[in-house]
Amino acid sequence: MIYIKKQLSEDVTVQIRLTEDDEFYTCCAECGQEVKATEEILDDFGEFLVGGKGIICEECVVNRNSSGNGHEK
């Protein structure tokens with residue numbers, strides 16, 4: 001079983017069990033928009049953590065490719 005564990009206080013710990021049916025989300029590193037974490041993103045998760053890379057949404061990718069910038073926050 002894989003789970004997320006968070007100590008909220010000295011007496012309270014929350015554990016949330018993760019399953020293969022769960023959906024994961026992150027925020028675009030440029031605009032803050034919620035992005036569903038695809039299997040590709042999850043496969044590269046360690047690289048994102050270690051490398052300090054941010055995930056950007058499709059709109060920011062398109063805007064970056066066409067104008068060199070993402071959209072505004």
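Above this text is the structure in question.
Let us look at the structure shown here. (Residues numbered from 1 in each chain as written. Predicted model: local features only at pLDDT ≥ 70, side-chain atom pairs only at ≥ 80, totals over all residues. Heavy atoms only, no water.)

### Regarding the overall build of the protein
A tally of regular secondary structure across the protein gives three helices and four strands. Across the protein, helices and strands are ordered from the amino to the carboxyl terminus as β-β-β-β-α-α-α. Per-residue burial over the protein gives 12% buried out of 73 residues. In the protein, of all internal contacts separated by at least 6 residues, the share reaching a separation of at least 24 is 31%. Here the protein has roughly 6200 Å² of accessible surface; of this, 48% comes from carbon and sulfur atoms. (Helix = DSSP H or I, 4+ residues; strand = E, 2+ residues; numbered from the N terminus. Buried < 20%, exposed > 50% of the residue type's maximum accessible area, 1.4 Å probe, protein only. Contact = heavy atoms within 4.5 Å. Areas by Shrake-Rupley, 256 points an atom, 1.4 Å probe, with all protein chains shown as cover.)

### Focus: the environment of Met-1
One can find Met-1 in the segment before β1 (2–7). Given a relative accessible area of 71%, Met-1 falls into the exposed group. Counting along the chain gives 18 residues from Met-1 to Thr-19, while the straight-line C-alpha distance between them is 8.0 Å.

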